[in-house]
Amino acid sequence: MRVPAANEPIVAKSGTKKRRRFGCLGVLLAIAVVVGVVYLAVLGLKAIFKPGVANTGDVLYATVFDNPADTEWYQYQGALSTQITGGTMVISADTAKSGTYSDLNYIFRDFDAQVVARQVAGDDPYNEYGILFRYQDRDNFYMFKVRADGSYHITRNIKGKQEDLSAPHFAPEIAVGLTHINDLRVVGKGDHFQFYINGQLLTLCPKGTDKFSTWNGDQCLSNNKQTSQELIDSTFPEGKLALGVYEDASAIQVAFSNFLLMRPAG
């Protein structure tokens, strides 16, 4: 179901006399329609806009994963599986050293994406889950990853080759262990990106002109030993968003819920 954009006109078919007679009623109905649109958007119905097209609404897309037959998200079954069930997007991997994802079938440029993640199976500390962004295809994308051991990192895949744009680092904000919930958020504006876990803006260790991003405890050794609260990279100017997991040595299953995509502020 499509929610009208805020600047989309509402057309009423009526004659001049009827407009005069019911003018006040028409104003009240118009207000009710606008309030209803906002309410529906909050509930998780969609308002999709093409990349780069100006709009006056803040919500670009939202879902509570309540439709198992939803074709806007990529779903499949097997050792690698993505399935909408029970109000969640459940993503599973049962093949060592493999990752899988479900991508949303729309392309975005600037975005503010949030999702709630709960790991429901898998005790390998090196298993990972998170948000893929500026996704081009299976070999080209960025990913914000949370590890089961309580660390996070930002990776970039180019032609299937992965590198850390900010190496793994522990964060006390990450809830570890099965059934614990983490709220993940990525904000992308042009070639600038910021990352949040449970409302906390994360600190990154960019690689800068160094070959690798390198943390040593809480000290960043790359990028002239300068940390940053944003990542700057222009490899992919636009792309899809996706949710995904990675299995290191034992199976992993993560339930994602309450996916919200906003137009970034500023």
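Reference entry: report on the structure contained in this document. The shown structure was predicted, so the numbers you read here are calculated from the model rather than taken from an experiment. (Residues numbered from 1 in each chain as written. Predicted model: local features only at pLDDT ≥ 70, side-chain atom pairs only at ≥ 80, totals over all residues. Heavy atoms only, no water.)

## Some remarks on the overall build of the protein chain
Scanning the protein chain from terminus to terminus reveals two helices and 17 strands. Evaluated residue by residue, the protein chain yields a buried proportion of 42% over its 266 residues. A separation of at least 24 residues holds for 61% of the contacts in the protein chain among residues at least 6 apart in sequence. When the accessible surface of the protein chain is split by element, carbon and sulfur atoms take 54% of a total near 14000 Å². (Helix = DSSP H or I, 4+ residues; strand = E, 2+ residues; numbered from the N terminus. Buried < 20%, exposed > 50% of the residue type's maximum accessible area, 1.4 Å probe, protein only. Contact = heavy atoms within 4.5 Å. Areas by Shrake-Rupley, 256 points an atom, 1.4 Å probe, with all protein chains shown as cover.)

## So, the pairing of strand 7 (residues 140-147)
A large share of strand 7 lies buried, amounting to eight of its eight residues. The alternating pattern of strand 7 places Asn-140, Tyr-142, Phe-144 and Val-146 on one face and Phe-141, Met-143, Lys-145 and Arg-147 on the opposite face, and all of these are buried. Of the strand pairs in this sheet, strand 6 (residues 128-137) and strand 7 are connected by seven bridges, and their pairing is antiparallel. Counterpart to Leu-132 in the pairing with strand 7 is Met-143. Connecting strand 6 to the antiparallel partner strand 7 that follows it, the hairpin turn spans two residues. Sheet analysis places strand 7 next to strand 8 (residues 151-158), joined by six bridges and oriented antiparallel. Paired with Val-146 across the two strands is Tyr-152, which belongs to strand 8. Between strand 7 and the antiparallel strand that follows it, strand 8, lie three residues; Gly-150 among them carries a positive phi value of about 95°. (Pairing = 2+ DSSP bridges.)

## Brief notes about unusual backbone geometry
Unlike most non-glycine residues, Thr-179 shows phi in positive territory, near 75°. Along the chain, Thr-179 turns up in the loop between strand 9 (161-170) and strand 10 (181-189). Even without a glycine there, the phi angle at Lys-225 is positive, about 60°. Locating Lys-225 in the fold gives a position in the loop between strand 14 (219-220) and strand 15 (231-232).

## A word on the pattern of salt bridges
Taken as a whole and judged by the stated rule, the model has ten salt bridges. Residue Asp-248 pairs with Lys-97 through a salt bridge whose shortest N-O separation is 2.6 Å. Of this pair, Asp-248 sits in the loop between strand 16 (240-247) and strand 17 (252-262) while Lys-97 is found in the loop between strand 3 (88-93) and strand 4 (98-103), placing the two residues 151 residues apart along the sequence. On the basis of relative accessible area, Asp-248 is assigned to the buried category, the value being 15%. According to the relative accessible area criterion, Lys-97 is exposed, its value standing at 55%. Through salt bridges that share partners, Arg-156, Glu-163, Lys-207 and Asp-233 make up one connected network. (Salt bridge = Lys/Arg side-chain N within 4 Å of Asp/Glu carboxyl O.)

## Here we look at the side chain of Ser-213
Along the chain, Ser-213 falls in the loop between strand 12 (200-201) and strand 13 (215-216). Polar contacts involving the side chain of Ser-213 include one to the main-chain carbonyl oxygen of Cys-205, which spans 2.5 Å. Once residues lying within four places of it in the same chain are set aside, the contact partners of Ser-213 are Asp-164, Leu-165, Ser-166, Ala-167, Cys-205, Pro-206, Lys-207 and Ser-222. (Polar contact = N/O pair within 3.5 Å; in protein donor to acceptor, adjacent residues only side chain to side chain.)

## Details of the environment of Gly-188
Secondary-structure assignment places Gly-188 in strand 10. For Gly-188, a relative accessible area of 0% corresponds to the buried category. For the pair Gly-188 and Pro-264, spaced 76 residues apart in sequence, the C-alpha to C-alpha distance is 7.5 Å. With residues near it in sequence (within four places) discarded, Gly-188 still touches Arg-109, Asp-110, Phe-111, Arg-134, Phe-193 and Pro-264.

## As for the environment of Pro-264
Locating Pro-264 in the fold gives a position in the segment after strand 17. Apart from residues lying up to four places away in sequence, Pro-264 is in contact with Asp-110, Phe-111, Asp-112, Val-187, Gly-188 and Lys-189.

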